[in-house]
Amino acid sequence: MEKIIIFGYGLALKKLLKVHEKEMACLDIIEVWDNDVNKQGMVIEISGKKIIVTEPHKISQGTKIYISSKKYEDDIKLDLSNRFGITNEYYVDYWIWYEGIKQCIIERYKDVTDENIKSIINYLRKNNLYYFFGGLKEKYAGKEREVPIYEDNQTKLLYSYWNGKKMYMKRGYTKYQAQRYIASLLMEQDSRSPHFYGNANFDYCDNDVLVDIGAAEGFFALDHIDKVKKVLLIEGDSEWLEALHATFDGYGDKVEFINKYIASYDDDMHISLDSFKDTITIIKMDIEGAEMDALLGASQTLKNDNLKIIACSYHRENDDLNIAKILLDNGFLVKYSPGYMYWGTLRQGEHNADLRHGLVIGCKNNEM
């Protein structure tokens with residue numbers, strides 16, 4: 001584990017230690033520097049270890065510096081370069097708590113025998129933490145500018161082509177926002193990604209009723225709409241509705257738009273799967289951790305012997321196990337998508353250091 005020096009003993013550091021206490025505890029912080037002579041000699045406690053604030057000095061290989069005050073970062077780097085020859089390679093230039101989480105993950109899984117996890121740990125020892133591993137981030141880094149974006153002459157909405165079909169973005173997106181959005185989808189749906197829906201390997205036929213829950217821009221439904229009988233698009237974010245209508249313009253009654261959130265109950269803003277009159281045969285869910293609640297409102301739907309499900313399972317801890325159990329209890333064959341991913345929203349006080357399956361896939365025959 002690399003040794004960390006934090007530059008700057010002020011409010012920024014105190015806030016960092018308070019908000020990201022658990023992440024910081026995973027780091028090997030050996031020193032705190034400050035140019036202010038009035039702060040030098042003061043004692044700070046980090047993860048139970050007392051550290052004396054000192055003036056900057058030369059450092060050795062295997063040591064990294066994190067500058068807590070981003071406002072003066074460039075000036076501090078220039079000063080340390082002139083005084084001690086400290087170059088950019090010695091700095092942690094991304095948020096330090098990501099480094100803390102990464103070290104927690106490495107420590108947690110250091111003794112595992114699972115070859116997939118071992119390869120991830122080896123990758124993390126040399127690379128920064130991200131949602132995906134094994135070169136996916138590197139493959140798509142900087143590619144967003146290459147994504148072609150067009151403007152619809154009538155609606156003025158931006159769109160791109162997804163597998164040969166127009167797919168529209170929310171109103172208000174800039175060209176670069178649209179490019180970044182599409183590039184992130186391309187990475188997420190790369191065949192090496194644990195989030196790749198193609199791992200389900202389902203057949204789609206003209207008797208299927210497909211429900212896309214958390215439809216957003218609608219790429220999943222767009223990929224399969226020509227193969228199925230009907231598509232139900234469930235999206236609680238009203239800002240996506242205009243784009244979805246533009247994307248699926250021309251499909252008429254084959255598409256139904258539901259501007260509600262999926263849940264285990266029904267009210268003005270929520271709808272349950274059991275409330276639909278259509279016999280649902282395919283469900284895709286990506287709803288930010290509400291997948292379990294959606295399944296709790298699908299007790300009748302889950303009895304359908306022709307039902308196939310793809311459910312995201314990485315938003316909350318143990319969702320992969322809990323979703324799989326519900327499906328197994330209802331007679332499904334179940335598998336996980338290959339590989340693992342990391343998911344951390346880094347809300348205040350939230351912390352996890354676990355690797356998670358991207359998808360739970362279930363059906364009641366061998367069609368997986």
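Cut-offs applied
- Residues numbered from 1 in each chain as written.
- Predicted model: local features only at pLDDT ≥ 70, side-chain atom pairs only at ≥ 80, totals over all residues.
- Heavy atoms only, no water.
- Disulfide = S-S within 2.5 Å.
- Helix = DSSP H or I, 4+ residues; strand = E, 2+ residues; numbered from the N terminus.
- Buried < 20%, exposed > 50% of the residue type's maximum accessible area, 1.4 Å probe, protein only.
- Expected span 1.5 Å × (residues − 1).
- Arc of directions from axis to C-beta.
- Contact = heavy atoms within 4.5 Å.

Draft legend 1. Molecular detail of the state of the cysteines. Applying the stated criterion across every chain yields a total of 1 disulfide. The partner cysteine of Cys-26 in its disulfide is Cys-104, sulfur to sulfur 1.6 Å. Between Cys-26 and Cys-104, the disulfide has an S-S torsion of 70° and is therefore right-handed. Of this pair, Cys-26 sits in the loop between helix H2 (21-25) and strand S2 (28-33) while Cys-104 is found in helix H4 (residues 96-108), placing the two residues 78 residues apart along the sequence. Residue Cys-205 stays outside any disulfide, its sulfur separated by 13 Å from that of Cys-363, the closest cysteine. On the basis of relative accessibility, which here comes to 37%, the residue Cys-205 falls in the partly exposed class.

Draft legend 2. Just helix H3 (residues 73-84), in detail. Between its terminal C-alpha atoms H3 stretches 16 Å, which fits the 16 Å expected from 12 residues at 1.5 Å a residue. When we look at burial in H3, the residues that qualify are Glu-73, Ile-76, Lys-77 and Leu-80. Taken down its axis, H3 places every buried residue within 100° of arc, on the same side. Opposite its buried face, H3 presents the exposed residues Asp-74, Asp-75, Leu-78 and Asn-82, each directed more than 90 degrees away. Where H3 is buried, its residues contact strand S1 (3-7), S2 and strand S5 (63-67).

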